Amino acid sequence: MLSTLSDLVAPAGVSSRSINAENPTGEPASAAAASSHLGPGRKGSAYLPLPAGERLTLADIEGPGVIRHIWITVPDRTEGGPFVLRDLVLRMYWDDEERPSVEVPLGDFFCNGFAARALVTSEPIVVAPTGGMNSYLPMPFRRRARIVLDSEHAASIDHVFFQVDYTVGDDVPSDAPYFHAQWRRSNGTTALGEDHVILDGVTGRGRYLGTYIGLAALSRYWWGEGEVKYFVDGDTDLPTLCSTGLEDYAGGAWAFQDELRKDPEPVPLTFSAPYCGYPFFSTRDVTGAATFIQSTAPMHAVYRWHLPDPVWFQSDFRATLQQIGVWDKGLFERTDDVFSVAYWYQTEPHTAFPELPDAAGRVPR
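Just so you know, the residues in each chain are numbered from 1, in the order the chain's sequence is written. Residues qualify for local features only when their pLDDT is at least 70, as the model is predicted, and side-chain atom pairs are given and counted only at 80 or more; totals for whole chains, interfaces and linings, by contrast, use all residues. Heavy atoms throughout the structure, all of them, feed into the side-chain values; hydrogens and water do not.

### A closer look at the pattern of salt bridges
Between Lys or Arg on one side and Asp or Glu on the other, a salt bridge is scored when a side-chain nitrogen of the former is within 4 Å of a carboxyl oxygen of the latter. Tallied over the entire structure, the rule returns 19 salt bridges. Note that Asp-96 and Arg-144 form a salt bridge whose closest N and O atoms lie 2.8 Å from each other. Of this pair, Asp-96 sits in the loop between β7 (88–94) and β8 (102–105) while Arg-144 sits in strand β13 (residues 144–151), and the two are 48 residues apart along the sequence. One salt bridge connects Asp-258 with Arg-261, and the closest N-O pair in it is separated by 3.1 Å. We classify Asp-258 as partly exposed; its relative accessible area is 37%. Residue classification places Arg-261 among the partly exposed residues on the basis of a relative accessible area of 23%. Secondary structure follows DSSP: runs of H or I at least 4 residues long count as helices, runs of E at least 2 residues long count as strands, and numbering of each begins at the N terminus. Per-residue accessibility, obtained with a 1.4 Å probe over protein chains only, is compared with the maximum for each type, and a residue is labelled buried under 20%, exposed over 50%, and partly exposed between these values.

### Some thoughts on the pairing of strand β17 (residues 206–216)
Here β17 lies mainly inside the structure; 11 of its 11 residues are buried. Where β17 meets strand β23 (residues 311–313), three bridges bridge the pair, whose relative direction is antiparallel. Among the inter-strand pairings, Tyr-208 is bridged to a residue of β23, identified as Val-311. Of the pairings in the sheet, the one linking β17 to strand β27 (residues 337–346) comprises 10 bridges and is antiparallel in character. Following the sheet pairing, Arg-207 is matched in β27 by Tyr-345. Being paired, for any two strands, means DSSP has found at least two bridges between them. Direction of pairing for β17 relative to strand β22 (residues 295–305): antiparallel, over a ladder of seven bridges. What sits directly across from Tyr-212, in β22, is Tyr-303.

### Quick word on the layout of surface pockets
Both site types are read off a 1 Å grid over the protein atoms alone. A 1.4 Å probe that fits but cannot get out defines a cavity, while an open set with protein on both sides within 12 Å along at least five of seven lines defines a pocket; lining residues have an atom within 4 Å of a point. Grid points are joined across faces, edges and corners, and a volume is the space filled by probe spheres set on the points. Approximately 860 Å³ is the volume attributed to the largest pocket. Lining the largest pocket are 27 residues, with Tyr-221, Trp-222, Ala-255, Gln-257 and Pro-266 positioned closest to its centre. The set of elements that each furnish at least two residues to the lining of the largest pocket consists of β21 (276–284), β22 and β25 (324–327). Broken down by element, the lining of the largest pocket gets its largest block of residues, three residues, from β21. Roughly 240 Å³ of internal volume is contained in the second largest pocket. Surrounding the second largest pocket, 18 residues form its lining, Phe-114, Ala-116, Asp-285, Val-286 and Thr-287 being those nearest its centre. Of all the elements in the fold, those that place two or more residues in the lining of the second largest pocket are β21 and β22. It is β21 that provides the largest number of residues to the lining of the second largest pocket, a total of three residues. Nonpolar residues are Ala, Val, Leu, Ile, Met, Phe, Trp, Tyr, Cys and Pro. Charged residues are Asp, Glu, Lys and Arg, and all others, Gly as well, are polar. For the lining of the second largest pocket, the per-class residue count stands at nine nonpolar, three polar and six charged.

### Points about a nonpolar patch on the surface
Where nonpolar side chains cluster on the molecular surface, the patch consists of Leu-5, Leu-8 and Val-9 and spans about 360 Å² of accessible area. Following the sequence through the fold, Leu-5 ends up in the segment before β1 (15–20). Distance thresholds for patches are 9 Å for like charges and 5 Å for nonpolar side chains (Val, Leu, Ile, Met, Phe, Trp, Tyr), applied to residues having over 30% relative accessible area and no salt bridge. For the accessible areas, the method is Shrake-Rupley and the probe is 1.4 Å, while residue cover comes only from the protein chains on display.

### Some remarks on the packing of aromatic side chains
Aromatic ring pairs are reported here in terms of the distance separating the ring centres and the angle at which the planes meet. A pair of aromatic rings is counted whenever rings of Phe, Tyr or Trp (Trp by its six-membered ring) have centres within 6.5 Å, and the orientation is called stacked for planes under 30 degrees apart, edge-to-face for over 60 and tilted otherwise. One pass over the full model with this rule turns up 22 aromatic pairs. For the ring pair Tyr-212 and Phe-339, a centre distance of 6.1 Å and an interplane angle of 55 degrees mean the geometry is tilted. Placement of Tyr-212 in strand β17 and of Phe-339 in strand β27 is noted, with a sequence separation of 127 residues between them. Tyr-212 gets classed as buried once you look at its relative accessible area, which sits at 1%. Residue class for Phe-339 comes out buried when judged on its relative accessible area of 1%. Measuring from ring centre to ring centre gives 6.2 Å for Phe-256 and Phe-271, while their planes differ by 40 degrees; the resulting arrangement is tilted. With Phe-256 in the loop between α3 (246–249) and β20 (271–272) and Phe-271 in strand β20, the pair connects residues that are 15 residues apart, well separated along the chain. By relative accessible area, Phe-256 is classed as buried at 4%.

### A short note on the sheet that holds strand β19 (residues 241–242)
Here we have four strands laid out as an open sheet, ordered β16-β24-β18-β19, and antiparallel in their pairing. Single-partner strands in this sheet number two, and they are β16 (196–203) and β19. Pairing of β16 with strand β24 (residues 316–321), which is carried by five bridges, proceeds in the antiparallel orientation. What sits directly across from Val-197, in β24, is Thr-320.

Here is the structure:
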């Protein structure tokens, strides 16, 4: 957003760059050089392939700088299977670190979990028709930024379209925190009364930015009474910040439906807004991957961004989600298939992430 006239003039030494298949290094005066049958510089290299089991480097940039925008689109299914958006893993490394600061299945990073497309119209993440996935999250780096896409899909992805827009020469302070994102799943494996861990092990100073949560309901009735808890700077048994329920955390109310009633059956109301949303609901398998009845466990997804309401931490941070439902007899403990993406900034070094489950362990219900 343009806020002052200073936004109209670049700081001294700062330049704009862009990386895509037409200019994979982002060098000045080097874009649109590839030839097509239309002639030189006429859209000769719009995409890159990603063979099965291999890695595609989307960007490798010398700093200092700031990644400003990432756009990417891929097919959501191939002859190798219908779960491309879960089978591809987005990883980001800052300043030559060996462990990634971002490690999230591609679709989930862009709030498209369950390996299914959903429109998202939020401030930091936008998914436009049909599958144009955008991030506007600023990602500063001092010496180097490396973004890769790893494939665990069973077939080649012939067309990966992408663009990384960034600036170089930025004055990145020595104490500026780095961007991080992490995926976790509790696949019906928690005991009754045990919370899903969104994020833990964070030490250092930073800011928690937000959460994307998907839930496949394995129990009957309403699934969204669990509180999201933020444990900040030494909190132990009780958190400093706590929501009143998952739908409340995501800005909704009264179960994301047109009315609380039994007959006729309520209508779910998805929505997508700048800072919160319920962009996805489905009870159907639409992959066409099997010749059976297409009903599934109900699938829900929500997001919440702490942009105008920042969540700061000075020494440590942890986030959890209770699994609580409700019916006519009151609240009850549940065990569902819950996955989440945590987005945050922190000073390095970061604690090693839990091992990401392989593609088989990430298959949506």
